[in-house]
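# Breakdown of the fold
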Amino acid sequence: MDRSTVAIDMFIKGYNCAQSILFAFRDESGVPEETALKISCGFGAGMGRNGEVCGAVSGGIMVLGMRHGWVTNDDRTDKETTYCKIQELMNQFALKHGSCKCRDLLNGCDLTTEEGMNSFKENDYLTKVCNKCVQSIVEILEQI
């Protein structure tokens, strides 16, 4: 399966957006499945349902960190490369979707409230918004 199919499949199974992205790219770093899912768990729905940075974007940032991340103090080139790639990811995503913030993408829906969760379901944001965000991040990561 291609990464896009893997990410969407994971998302449909109930894993959050960040988990779905990191899981689909875990083979790049050799991160075990369980570790990838645990590390990314708290980033879904804009960081623990707080509506901040979209979980798919956060998952993409984790993937870029695995690819290009800074490890030693000797050479900070990797750090700068990583930051540039993250800026590229976020800029492309925002151009396509209008924002990188979960709350903005979901038209102000507050996922920390019962009313917000009901609105999320009633408006089918999972299909109409979140699936598209997951798909976009996979495409951007494959391009970068």
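In the block above lies the structure referred to throughout.
Residues numbered from 1 in each chain as written. Predicted model: local features only at pLDDT ≥ 70, side-chain atom pairs only at ≥ 80, totals over all residues. Heavy atoms only, no water.

In this structure, the largest pocket encloses a volume near 400 Å³. Breaking the lining of the largest pocket down by element, the ones donating at least two residues are α4 (44-47), α5 (55-68), α7 (102-105), α8 (114-122) and α9 (125-143). Element by element, the count of residues in the lining of the largest pocket is highest for α9, at 5 residues. For the lining of the largest pocket, the per-class residue count stands at 18 nonpolar, 6 polar and 1 charged. (1 Å grid on protein atoms, 1.4 Å probe; cavity = no way out; pocket = protein on both sides within 12 Å on 5 of 7 lines; lining within 4 Å. Points joined across faces, edges and corners; volume = space filled by probe spheres on them. Helix = DSSP H or I, 4+ residues; strand = E, 2+ residues; numbered from the N terminus. Nonpolar A, V, L, I, M, F, W, Y, C, P; charged D, E, K, R; others polar.)

What follows is about the packing of α5 against α9. Following both chains from N to C, one finds α5 and α9 inclined at 20°, their axes separated by 9 Å at the closest point. Classified by the angle their axes make, α5 and α9 are roughly parallel. Handedness of the α5/α9 crossing: right-handed. Contacts between α5 and α9 pair A56, V57, G60, V63, L64 and R67 from the former with C133, V134, I137 and L141 from the latter. Of the residues assigned to the contact of α5 with α9, the class counts are 8 nonpolar, 1 polar and 1 charged. (Axes fitted to C-alpha atoms, helices over the stretch in contact; angles between N-to-C directions. Parallel < 35°, antiparallel > 145°, perpendicular 65-115°, else oblique. Left-handed = near helix turned anticlockwise from the far one by under 90°. Contact = heavy atoms within 4.5 Å.)

What follows deals with unusual backbone geometry. A positive phi angle, near 75°, is found at M47, a position not held by glycine. Residue position: M47 is located in helix α4. On the basis of relative accessibility, which here comes to 35%, the residue M47 falls in the partly exposed class. Of note, D124 is a non-glycine position whose phi angle comes to about 50°, a positive value. Here D124 is to be found in the loop between α8 and α9. Residue classification places D124 among the partly exposed positions, given a relative accessible area of 31%. (Buried < 20%, exposed > 50% of the residue type's maximum accessible area, 1.4 Å probe, protein only.)

Turning our eyes to something else, we now look at the pattern of salt bridges. Pairs may arise between side chains of opposite charge once their charged atoms sit close together. Considering all chains together, one arrives at 9 salt bridges under this definition. Put simply, E28 and R3 hold a salt bridge, and the shortest N to O gap is 3.8 Å. Here E28 is found in the loop between α2 (17-25) and α3 (33-40), whereas its partner R3 is found in helix α1 (residues 3-12), with 25 residues between them in sequence. Given a relative accessible area of 34%, E28 falls into the partly exposed group. Judged by relative accessible area, R3 falls into the partly exposed class, the value being 22%. With a shortest N-O distance of 2.7 Å, E28 and R67 are connected by a salt bridge. Of this pair, E28 sits in the loop between α2 and α3 while R67 sits in helix α5, and the two are 39 residues apart along the sequence. A single network of salt bridges, built from pairs that share partners, joins R3, D27, E28 and R67. (Salt bridge = Lys/Arg side-chain N within 4 Å of Asp/Glu carboxyl O.)

All right, on to helix α6 (residues 77-97) then. Compared with an ideal rise of 1.5 Å per residue, which puts 21 residues at 30 Å, α6 spans 30 Å between its outermost C-alpha atoms and is within 8% of the ideal. Those residues of α6 not exposed but buried are T82, I86, L89 and F93. All buried residues of α6 fall inside an arc of 60° around its axis, so they share one side. Facing away from the buried side of α6 by more than 90 degrees, the exposed set consists of N91 and L95. Positive phi appears at G98, one or two residues downstream of α6, with a value of about 90°. (Expected span 1.5 Å × (residues − 1). Arc of directions from axis to C-beta.)

At a closest axis distance of 10 Å, the pairing of α2 and α9 adopts a crossing angle of 35°. As for the relative orientation of α2 and α9, their crossing is right-handed in sense. Residue-level inspection shows C17, I21 and F25 of α2 in contact with α9, the latter providing V134, I137, V138, L141 and E142. Looking at the contact of α2 with α9, its residues break down into 7 nonpolar, no polar and 1 charged.

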